[in-house]
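# Analysis of the macromolecular model
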Amino acid sequence: PLLAALALASVLTACSAGGGDSVGAQTDLVQGGSAPALDTPKEGAPNDEVTVPTGSMLARQAEISLEVDSPSAAAAQIRALALAARGSVLSEMISTDSSTDLPTMSTIVVSVPSASLDTTLDAIARVGTVTRRASNAQDVKASYVDTAARVETMRASVDRVRALMAKAEKITDIVSLEGELSRRQADLEALEAQLRSLKDAVAQSPITVSLALPGTTPANDSGFWAGLKTGWSAFTSSMVVL
């Protein structure tokens, strides 16, 4: 029976989520005949549509603190440097003195191509006096390979359901298969989004720049850096989970 077969397929798909689609396509869903026996792809099998780069895949980020005469003017220079490196400004925050209403500190986060990270950092360092500079990297190659394999496995799963739909003749069969196809396509899109995120993390590197007047305690000393590090730790942990 179609509904029982689809229920079993859904359970098996859920149990194998993230570990490859183990649902067979041999269930009899076609009136007066059986669906073609399609091979179940082996997990980790490469596919021409997803290429895995050779060597490591480093997701890098950097932090730098500067003492400057004018946080707002320095922030403008940082923005210009990011744009010159073909990057972008992700966020910006300015703190002002309540008595003078003048900027005392500024935090700006820019993103630049990873290949330009070091040269951009050097250029930013010349905007003021460096009080802190740090960078780190995480190799996400294993996560990328694993996610790419799951993408290909799910694509094959979607193709199998489409093949069954091409053979189905009953309206109930078609409706049930359409629902199964929608679920699997949603899973595929989620995996593809994860793959794009990993590629973006390797292609672009964020730089967090803290600007402060001389003698002013940078905002990062009161928890900003700790929050940033916590976010980076969460990112790298999510790579392991993926």
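### Digging into the nonpolar core
- Ile64, Leu66, Ile78, Ile124, Ile207, Val209 and Leu211 are the most contacted members of the largest nonpolar core, which has 20 residues in total.
- When contributions to this core are tallied by element, the ones reaching two or more residues are strand 1 (58-67), helix 2 (71-84), strand 3 (103-113), helix 3 (117-125) and strand 5 (204-212).
- Ignoring any residue separated from it by four or fewer positions in sequence, one finds leucine 211 in contact with Leu66, Val68, Pro71, Ala74, Ala75, Ile78, Thr104, Met105 and Ser106.
- Judged by nonpolar contacts, the second largest core, of 18 residues, contains Val161, Leu181, Leu191 and Ala201.

### Some details on unusual backbone geometry
- Located in the positive-phi region is arginine 86, a residue other than glycine, with phi close to 65°.
- In this structure, arginine 86 sits in the loop between helix 2 and strand 2 (88-96).

### Some words on the pattern of salt bridges
- If you walk through the whole model with that rule in mind, you get 9 salt bridges.
- Of the charged contacts in the structure, one is a salt bridge between aspartate 159 and arginine 162, with a shortest N-O distance of 4.0 Å. Residue aspartate 159 and its partner arginine 162 are located together in helix 4 (residues 141-167), separated by 3 residues, close to a single helical turn.
- Accessibility expressed as a relative area gives 44% for aspartate 159, which makes it partly exposed.
- In this structure, arginine 184 engages glutamate 180 in a salt bridge whose closest nitrogen and oxygen atoms are separated by 2.8 Å. Of the two residues, arginine 184 and glutamate 180 both sit in helix 5 (residues 171-203), 4 residues apart, roughly one turn of that helix.

### Some thoughts on the environment of arginine 133
- Mapping arginine 133 onto the fold places it in strand 4 (residues 129-139).
- Exposure remark for arginine 133: the relative accessible area of 40% places this residue in the partly exposed category.
- Through-space distance from the C-alpha of arginine 133 to that of threonine 208 is 10.0 Å; in sequence the pair is 75 residues apart.
- Ignoring any residue separated from it by four or fewer positions in sequence, one finds arginine 133 in contact with Glu63, Ile64, Asp118, Leu121, Asp122 and Ala125.
- One polar contact links arginine 133 to aspartate 122, side chain to side chain, over a distance of 2.9 Å.

### Points about the packing of helix 4 against helix 5
- Relative orientation of the contacting elements helix 4 and helix 5 amounts to 160°, with a least axis distance of 9 Å. In terms of their interaxial angle, helix 4 and helix 5 are classed as roughly antiparallel. Seen from above, helix 4 lies across helix 5 with left-handed handedness.
- Looking at the contact of helix 4 with helix 5 residue by residue, the classes come out as 14 nonpolar, 5 polar and 9 charged.

How each quantity is defined
Residues numbered from 1 in each chain as written. Predicted model: local features only at pLDDT ≥ 70, side-chain atom pairs only at ≥ 80, totals over all residues. Heavy atoms only, no water. Core = buried A, V, L, I, M, F, W, Y, C linked by side-chain atoms within 4.5 Å. Buried < 20%, exposed > 50% of the residue type's maximum accessible area, 1.4 Å probe, protein only. Helix = DSSP H or I, 4+ residues; strand = E, 2+ residues; numbered from the N terminus. Contact = heavy atoms within 4.5 Å. Salt bridge = Lys/Arg side-chain N within 4 Å of Asp/Glu carboxyl O. Polar contact = N/O pair within 3.5 Å; in protein donor to acceptor, adjacent residues only side chain to side chain. Axes fitted to C-alpha atoms, helices over the stretch in contact; angles between N-to-C directions. Parallel < 35°, antiparallel > 145°, perpendicular 65-115°, else oblique. Left-handed = near helix turned anticlockwise from the far one by under 90°. Nonpolar A, V, L, I, M, F, W, Y, C, P; charged D, E, K, R; others polar.

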